[in-house]
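# Per-entry structural report
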2 protein chains.
Amino acid sequence: MHLGQISQLRSFNRAITRRIGALGNRFVGRDRPMAESRMLYEIGQQGQEVRRLRQRMALDSGYASRLLRALEHQGLITVAPLPEDRRARFASLTDAGRRELAETDRAADDAVADILAPLDPGRRARLTGVLAEAERLIEASAVTFETVAPTSREVAACLEHYYDELDRHFATGFIPPPSVAEEIAGLTPPSGWILLARLYDEPVGCGTLTAQADFGEIKRVWIAERLRGLGLSRRLLAELENVACVAGFSRLRLDTNESLAEAQALYRSSGYHEIARFNDNPYAHHWFEKRLT
Amino acid sequence: MHLGQISQLRSFNRAITRRIGALGNRFVGRDRPMAESRMLYEIGQQGQEVRRLRQRMALDSGYASRLLRALEHQGLITVAPLPEDRRARFASLTDAGRRELAETDRAADDAVADILAPLDPGRRARLTGVLAEAERLIEASAVTFETVAPTSREVAACLEHYYDELDRHFATGFIPPPSVAEEIAGLTPPSGWILLARLYDEPVGCGTLTAQADFGEIKRVWIAERLRGLGLSRRLLAELENVACVAGFSRLRLDTNESLAEAQALYRSSGYHEIARFNDNPYAHHWFEKRLT
DNA sequence: AATAATACCTGACTACAGTCAGATAAATGC
DNA sequence: GCATTTATCTGACTGTAGTCAGGTATTATT
């Protein structure tokens, strides 16, 4: 990696830290401890489960409890047991809490407006433009890949998006065969693997590897639309190949629909070459294979 | 201002905060309080005056003193009186302190490298590229303008750069006339004003306004090279016009050398029109005037 | 039905961040 | 020469952040 790139990123970090405010200044300034402000922010207008709050803020349960008690005492939130699991609790903003959050939000808007104000409209637009692009790249670099069990709710959510999208794109539409649920359920080593892409806690992509007679078959490669064009499909594919390699496969195969031109380009540029039909997938028009070294 | 721009910047801030590490995480992780780490960083390889450290970190003198004692006690720094003012003290790193700072630095490099690593080389270059541009724009937006006294050392530093640059650019070279020091010294209201541009504490530009018989004369408009192309000269000029307006001038005049094409373009696009020679400046080739409303 | 795990709470604690009220020594202004 | 200012230090203090060791109520597991 180029050393200049590292120092550039560090330099940028210094600049924005200095300008936007040393720490998470977006949470201070309403004469309330930062942790309380952040808690209010994380609870949000719709409220949130306490365990999710603890998880997202990485808090000790005792500390979290005390923060919630303090906000409750200030009349900003209410906390009630969840109906479906009365051990767990759900925190919601009161009207006063809503007002407080809106006020904090307005203050943050003002702080940001003060940063943009000195720039002329052209440079203002340019700054927001490059930051939008930088944000996407930074998010892309934060995406991680992990093999998960077929029972994962996150995978189910991804696959739902995936099938939905196929239905919209395929000229013939797409109806998942009834066998799909069973097929997914069988994707556990050594007969199958499911790879999940996550951006922080959010599932943003998936892909599966199925053990066939004498090759591995890659299917259901999907990346969330808002993260496309960032090279994540290629990384996901590479991760799947890595899983296949470790599992001892020497050949990988996959198929694709004629409507998915980008997917075909990805496979070709990743070392896959087109072969004859090897399965009876009625939605497939092209079949590919790659030998692993 | 466009509301989308504000939310874009806030969104970016969340993204980078999340990725780079909530607070100035570049200072933690060496199991040492953040304030001590930051102090080490601010002292730097060349050392620093204690009063400057206090100023830059905005610390209570008692707190600063304690931090320095702690670092001294750990054998990381030494603090000695300044020879020229034995009230003030100067903090320097010991060899151990130097090693510690280098180690912290390396850790920060590693953290940043981890962020860039998942991206392919093209996107990595693109990210650092857009962040470099964003950094310049953010710095530009942080520049402030202030009228200062002619005795200011900051102004002297700017003017030195300015004259140096004229000497390099003018076909004939440039030698400041002997009267210059006296002229600068006279720039106090109501006969003159000096405007200084600052980026945080650093002087990055200047401009002067001199009261003449029946007009105000703008001279010595200069912006540091590293901040050019960011619209700062235009802002500086506008600020000078503002000063002139408040002071009651109805006309402004200025001159410029033929070699300074950008300056001429700036003046024309800022409402100045070319007039006949109005002074005997031997280095001037163009003379401009603008009527203030 | 007994056991374990989960979600949360309380009390006691440590460490860090930051402030305030003086005190001292050196330099500056008159 | 004396008062004032500047730069720093010390002691005493408050509030926030965060941890740890238990405890209770509810749900899941066997």
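The preceding data block contains the structure.
Okay, so let's go over this structure. Worth saying up front: this structure is predicted, and the values here are computed from it rather than measured.

Analysis parameters
Each residue is numbered by its place in its chain's sequence as written, counting from 1. Each chain takes a letter, starting from A, and each ligand takes a number, starting from 1, following the order in which they are written. Totals for whole chains, interfaces and linings use all residues, but because this is a predicted model, local features are given only for residues with pLDDT of at least 70 and pairs of side-chain atoms are given and counted only at 80 or more. Excluding hydrogens and water, the side-chain values take into account all heavy atoms of the structure. Contact definition: two residues touch when any of their heavy atoms are within 4.5 Å. When two components associate, each loses some accessible surface as probed by a 1.4 Å sphere; the sum of these losses over both components is called the buried area. For this analysis, a salt bridge means a side-chain nitrogen from Lys or Arg found within 4 Å of a carboxyl oxygen belonging to Asp or Glu. We define a polar contact as two N or O atoms separated by no more than 3.5 Å, with the added condition that, inside protein, one atom must be a possible hydrogen donor and the other a possible acceptor, whereas residues neighbouring each other in sequence contribute only through side-chain atom pairs. We count a stretch as a helix when DSSP gives it H or I for four or more residues in a row; a strand needs E for two or more, and each element gets its number in order from the N terminus. Each residue gets one of three labels, nonpolar for Ala, Val, Leu, Ile, Met, Phe, Trp, Tyr, Cys and Pro, charged for Asp, Glu, Lys and Arg, and polar for the others, Gly among them. Here, proximity means that at least one heavy atom of the residue falls within 4 Å of the molecule or strand. For a helix, the expected span equals 1.5 Å multiplied by the residue count minus one. Each residue's exposure class comes from its accessible area (1.4 Å probe, protein chains only) as a fraction of the maximum for that residue type: buried when under 20%, exposed when over 50%, partly exposed otherwise. Simply put, an axis is a line fit to the C-alpha atoms, just over the touching stretch for a helix, and the angle between two N-to-C directions goes from 0 to 180 degrees. Crossings are sorted by hand: turned counterclockwise from the far helix by less than a right angle, the near helix makes the crossing left-handed, and turned clockwise it makes it right-handed. Any two strands are treated as partners once DSSP identifies two or more bridges connecting them. Should an angle fall under 35 degrees it is taken as roughly parallel, and over 145 as roughly antiparallel, whereas 65 to 115 is taken as roughly perpendicular and any remaining angle as oblique.

The partner chain B presents 51 residues to the 52 residues of chain A that form the contact. Summed over both sides, the interface between chain A and chain B buries roughly 5600 Å², with carbon and sulfur atoms accounting for 66% of that surface. A salt bridge links arginine 10 of chain B to aspartate 109 of chain A, with the nearest nitrogen and oxygen atoms 2.9 Å apart. Linking chain A with chain B are 18 residue pairs in polar contact (both at pLDDT 80 or more), by the criterion used here. Of all elements in the fold, only helix H1 (3–20), helix H2 (34–43), helix H5 (95–116) and helix H6 (121–142) of chain A reach the threshold of two or more residues within the side of chain A that touches chain B. Among the elements that make up the side of chain A that touches chain B, the one with the highest residue count is H6 of chain A (17 residues). Residues that form the side of chain A that touches chain B fall into these classes: 30 nonpolar, 9 polar and 13 charged.

Around DNA strand D sit 20 residues, and of these Arg87 of chain A together with Arg51, Arg54, Arg66 and Arg89 of chain B come closest. What you see for DNA strand D is that sugar and phosphate hold 68% of its atoms within 4 Å of the protein. At 3.3 Å from a base oxygen of DNA strand D is found a side-chain nitrogen or oxygen belonging to arginine 66 of chain A. Residue arginine 51 of chain B places a side-chain N or O atom 2.8 Å away from a phosphate oxygen belonging to DNA strand D. When residues of the surface near DNA strand D are traced back to their parent elements, those giving at least two are H2 and helix H4 (61–73) of chain A together with helix H3 (50–57), helix H4 (61–73) and strand E3 (85–93) of chain B. Of the residues forming the surface near DNA strand D, the biggest block, 5 residues, is contributed by H4 of chain B. Partitioned by chemical class, the residues of the surface near DNA strand D number 6 nonpolar, 3 polar and 11 charged.

Taking 1.5 Å per residue as the helical rise, helix H5 (residues 95–116) of chain B with its 22 residues ought to reach 32 Å, and the 32 Å between its terminal C-alpha atoms agrees with that figure. Of all the residues in H5 of chain B, the buried ones are Gly97, Glu100, Leu101, Thr104, Ala108, Val112, Ala113, Ile115 and Leu116 of chain B. Those residues of H5 of chain B that are buried are in contact with H1 and H6 of chain A together with helix H1 (3–20), helix H2 (34–43), E3 and helix H6 (121–142) of chain B.

Once that is clear, we can look at the packing of H6 of chain A against H6 of chain B. Their axes nearest at 9 Å, the elements H6 of chain A and H6 of chain B cross at an angle of 145°. H6 of chain A and H6 of chain B meet at a crossing whose hand is left-handed. Between H6 of chain A and H6 of chain B, the residues in contact are Arg123, Arg126, Leu127, Val130, Leu131, Glu133, Ala134, Leu137 and Ile138 of chain A and Arg123, Arg126, Leu127, Val130, Leu131, Glu133, Ala134, Leu137 and Ile138 of chain B, respectively.

Residue and element names in this part refer to chain B. Where strand E1 (residues 48–49) lies against E3, 2 bridges are found, and the strand directions are antiparallel. By the bridge assignment for E3, glutamate 49 is matched with phenylalanine 90. In terms of strand pairing, strand E2 (residues 77–82) meets E3 through 6 bridges, oriented antiparallel. Along E3, the bridge assignment pairs threonine 78 with serine 92. Between E2 and E3, which pair antiparallel and follow one another directly, the connecting turn spans 2 residues.

Moving on, we come to the packing of H1 of chain A against H1 of chain B. It is the contact of H1 of chain A with H1 of chain B, at a shortest axis distance of 12 Å, that shows an interaxial angle of 125°. One way to sum up the angle between H1 of chain A and H1 of chain B is to call them oblique. The two elements H1 of chain A and H1 of chain B cross, and the hand of that crossing is left-handed. Note on element contacts: H1 of chain B touches H1 of chain A through Leu9, Phe12, Asn13, Ile16 and Ile20 of chain B, opposite Phe12, Asn13, Ile16 and Ile20 of chain A. Taken together, the residues of the contact of H1 of chain A with H1 of chain B break down into 7 nonpolar, 2 polar and no charged.

Below, the discussion takes up the protein's contact with DNA strand C. Around DNA strand C, a shell composed of 20 residues is seen, among which Arg51, Arg66, Arg69, Arg87 and Arg89 of chain A lie nearest. Atoms of DNA strand C within 4 Å of the protein belong to the sugar or the phosphate in 69% of instances, the rest to bases. In the environment of DNA strand C, a base oxygen lies 3.3 Å from a nitrogen or oxygen atom belonging to the side chain of arginine 87 of chain A. Within the side chain of arginine 66 of chain B, a nitrogen or oxygen atom sits 3.3 Å from a base oxygen of DNA strand C. Counting residues per element, the ones that place at least two in the surface near DNA strand C are helix H3 (50–57) and H4 of chain A together with H2, H4 and E3 of chain B.

Counted according to the given criterion, the structure contains 58 salt bridges over all chains. Ionic pairing is found between lysine 290 of chain B and glutamate 241 of chain B, a salt bridge with its closest N-O pair at 3.1 Å. In this pair, lysine 290 of chain B sits in strand E10 (residues 286–291) while glutamate 241 of chain B sits in helix H9 (residues 232–247), placing the two residues 49 residues apart along the sequence. When salt bridges with common partners are traced through the structure, they connect Asp214, Arg251, Arg253, Glu289 and Arg291 of chain A into a single cluster.

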